[in-house]
Amino acid sequence: MSDHIDGYARALLAVADAEGDVATTRSQLAAVARAVEANDELAASLANNLLPADVRSQIVDDLLANKTKPVTRALMGMIVSSGRGRDLSDIVAAFGRVSAAGRGQKVAVVRSAVPLSAAQTSRLSKALGAKIGQEVQLDFVIDPDVMGGVVTTIDDTVIDGSLRTRLARMREAL
Amino acid sequence: MLLTFLASEAHHENGYHLPGDLNEVYIGTVAFIIVTALLVKLAGPAIAKGFTARSRAIEAELAEAKATRESAEGQLTESSADLPNVDDEAERILAEATETAARLKSDMIAQANTDAEELRSRGNAEVENYRRQAVADLTNEISDLTRGATEALVDETLDQSVQADLIDGYINQLEQAV
């Protein structure tokens, strides 16, 4: 993690902590970062430092108005208006790691084709925590490429139970 | 002697063989002796020298002929002596030539066999490579078709219930692995 990304992540954590709802803020920031990452035109606009900072901030306000908490919108505006739009995903990911580490947790990115139920989320969190010997913070990503099942990534460890990978293995076996 | 003979053959008027005047006989005899002596004195050395030279030439020719004959006899003897060697040499050369030809023939046959074997091996290897490539291509194609068909089938059957089952199965495996 580079210093400036780590610095931004800690600043976000400080603001979110001051607002009193780190988990919701982290979750919303992660969702927004994935949405921006999936939209090349939007990502390019937010990363374009030739645009005035207030214009980039206005794009964020228009995009997130009434869809996220004000603190989430303010933190997104802070990132893009300070010229770090191209590092949005990294900063948000670092924010997740830093916030999780502050609570003695590990971040587990969970990719699935459909959302997990509350019961499944609870079971998965406990199972992962038992497996790594540390409480985990789950970040969910809906990814149709997974087809079915789940792919969990914790740091450099990938636990792949996706249908896509099973089909690929079946193809290799053939 | 000649004079005596001539005198004995002569018939003179007096009925004797010798003329009546003996002085004539004497003078003739003396003259003959003188002429003969002069001849011996003056021409004798030249004649003797000629005879000697002729004799020496003949002797030289005889010696040369003898040497030639001896040389020829020597060569004949040598050739006769070498004749068995020539036969042996010819036989040896023939044997060597036969052996060389046989060896060349054997080498050529061996080389031809080696080349043929190499060509056969190379051909077999190429055929095997083509076969493997064809099998691999066919396998890949079947695999792709199978995967495509499977994915299509899976997509059609992946409803919420199946998705939930897949996620539950994943979590179950995690729980069992702990």
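Residues numbered from 1 in each chain as written. Chains lettered and ligands numbered in written order. Predicted model: local features only at pLDDT ≥ 70, side-chain atom pairs only at ≥ 80, totals over all residues. Heavy atoms only, no water.

As for the overall build of chain A
Quick note on the threshold: The helix count covers DSSP runs of H or I at least four residues long, the strand count covers runs of E at least two residues long, and both are numbered beginning at the N terminus. Here the term buried applies to any residue with accessible area under 20% of the maximum for its type, exposed to any over 50%, and partly exposed to those in between, with areas from a 1.4 Å probe on protein chains only. Residue contacts are defined here by distance: any two heavy atoms, one from each residue, within 4.5 Å place the two residues in contact.
A tally of helices and strands in chain A yields eight helices and four strands. Along chain A, helices and strands appear, N-terminal first, in the series α-α-α-α-α-α-β-α-β-β-β-α. Within chain A, buried positions represent 42% of all 174 residues. For chain A, restricting intrachain contacts to residue pairs at least 6 apart in sequence, the fraction spanning at least 24 positions comes to 67%.

Description of the sheet that holds strand S3 (residues 149–154) of chain A
All names here are of chain A. Rule in force here: When DSSP locates at least two bridges between a pair of strands, those strands are taken to pair. Fitting a line to C-alpha atoms yields each axis, with helices limited to the stretch in contact; the angle taken between N-to-C directions then spans 0 to 180 degrees.
The four strands lie next to each other as S2-S1-S3-S4, forming an open sheet whose pairing is mixed. The sheet is open, and its two edges are formed by strand S2 (135–142) and strand S4 (157–162), each paired on a single side. Averaged over all adjacent pairs, the angle separating strand axes in this sheet is 20 degrees, with direction ignored. Note that S3 and S4 share six bridges and pair antiparallel. The residue of S4 that forms the bridge with Val151 is Asp160. Taken strand by strand, helix H6 (residues 88–102) contacts strand S1 (105–112) and S2, and its axis lies near 135 degrees from that of S1.

A look at the nonpolar core
Applied cut-off: Buried Ala, Val, Leu, Ile, Met, Phe, Trp, Tyr and Cys residues that are joined via side-chain atoms within 4.5 Å together make up what is termed a nonpolar core.
If you look at the biggest cluster of nonpolar residues, it comprises 26 residues, and the most contacted ones within it are Leu12(A), Leu29(A), Met76(A), Leu88(A) and Phe95(A). If you list the elements that add at least two residues to this core, you get helix H1 (3–19), helix H2 (22–38), helix H3 (40–47), helix H4 (53–64), helix H5 (70–81) and H6 of chain A. Setting aside chain neighbours within four positions, we find Met76(A) in contact with Leu29(A), Val32(A), Val60(A), Leu64(A) and Leu88(A). Counting residues in each nonpolar core, the second largest holds 16 residues, with Val110(A), Leu128(A), Ile154(A) and Leu174(B) among its members.

Details of unusual backbone geometry
Residues and elements named next belong to chain A. Phi angles above zero are rare outside glycine, and Asn66 is one such case at about 65 degrees. Its location among the elements puts Asn66 in the loop between H4 and H5. A positive phi angle, near 65 degrees, is found at Met147, a position not held by glycine. By the element assignment, Met147 lies in the loop between S2 and S3.

Re the pairing of S2(A)
Residue and element names in this part refer to chain A. For clarity, the cut-off: Assignment of crossover handedness uses the view with strands pointing away from the viewer, where a clockwise path from the first strand over the helix to the second indicates a right-handed crossover.
As defined by bridge partners, S1 adjoins S2 across eight bridges and the pair is classed as parallel. Among the inter-strand pairings, Val109 is bridged to a residue of S2, identified as Asp139. For the handedness criterion, the β-α-β arrangement of S1, helix H7 (residues 118–132) and S2 is classed as right-handed.

What to know about the interface of chain B and chain A
Stated formally: Buried area: the accessible surface (1.4 Å probe) lost by two parts on joining, summed over both. In the sections that follow, a salt bridge refers to a side-chain nitrogen of Lys or Arg positioned within 4 Å of a carboxyl oxygen of Asp or Glu. Contacts described as polar in this section are N or O atom pairs within 3.5 Å, which, within protein, must combine one atom able to donate a hydrogen with one able to accept it, while residues neighboring in sequence count only if both atoms come from side chains.
Taken residue by residue, the interface counts 23 residues in chain B and 26 residues in chain A. When chain B packs against chain A, the two sides together hide about 2,200 Å² of surface, and 65% of this comes from carbon and sulfur. Where chain B touches chain A, the interface holds two salt bridges. Joining chain B to chain A, the criterion identifies seven residue pairs in polar contact (both at pLDDT 80 or more). Secondary-structure elements contributing two or more residues to the side of chain B that touches chain A are helix H2 (22–157) and helix H3 (160–177) of chain B. With 12 residues, H3(B) is the single largest residue contributor to the side of chain B that touches chain A.

Structural notes on the confidence of the model for chain B
Residue and element names in this part refer to chain B. Rule in force here: What pLDDT expresses is the predictor's confidence in each residue, scored from 0 to 100.
Per-residue confidence for chain B gives a mean pLDDT of 85; residues scoring 70 or more make up 88%. Confidence, expressed as mean pLDDT per element, reaches its minimum in chain B at helix H1 (residues 2–9) with 56 and its maximum at H3 with 92. Our summary of model confidence lists the complex with pTM equal to 0.52 and ipTM equal to 0.75.

What about the pattern of salt bridges?
Using the criterion set out here, one finds 16 salt bridges over all chains in the structure. A salt bridge links Asp143(A) to Arg111(A), with the shortest nitrogen-to-oxygen separation between them at 3.7 Å. Of this pair, Asp143(A) sits in the loop between S2 and S3 while Arg111(A) sits in strand S1, and the two are 32 residues apart along the sequence. The salt bridge partner of Asp168(B) is Arg123(A), with a shortest N-O separation of 3.6 Å. One end of the pair, Asp168(B), is in helix H3; the other, Arg123(A), is in helix H7, on a second chain. When its relative accessible area of 23% is taken as the criterion, Asp168(B) is described as partly exposed. Through salt bridges with shared partners, a single network forms among Arg123(A), Asp168(B) and Glu175(B).

A few points about H7(A)
Given 3.6 residues per turn, any residue in an α-helix points the same way as the ones three and four places further on. Heads up, the condition is: For a helix, the expected span equals 1.5 Å multiplied by the residue count minus one.
In a regular helix each residue adds 1.5 Å, so 15 residues correspond to 21 Å; H7(A) covers 21 Å between its end C-alpha atoms and thus fits that length. Buried residues of H7(A): Gln120(A), Leu124(A), Ala127(A), Leu128(A) and Gly129(A), and no others. Contact partners of the buried residues in H7(A): S1, S2, S3 and S4 of chain A together with H3 of chain B. Looking one or two places after H7(A), you find Gly133(A), whose phi comes out positive at around 75 degrees.

Quick look at the packing of H1(A) against H2(A)
Residue and element names in this part refer to chain A. Rule in force here: We call two directions roughly parallel when the angle between them is under 35 degrees, roughly antiparallel when it is over 145, roughly perpendicular when it lies between 65 and 115, and oblique otherwise. Classification convention: Asp, Glu, Lys, Arg as charged; Ala, Val, Leu, Ile, Met, Phe, Trp, Tyr, Cys, Pro as nonpolar; all other residues, Gly among them, as polar.
Between H1 and H2, the shortest axis-to-axis distance is 8 Å and the interhelical angle comes to 130 degrees. With respect to each other, H1 and H2 are oriented oblique. Contacts from Leu12, Leu13, Ala16 and Asp17 of H1 reach H2 at Val22, Thr25 and Leu29. Tallied by class, residues from the contact of H1 with H2 come to five nonpolar, one polar and one charged.

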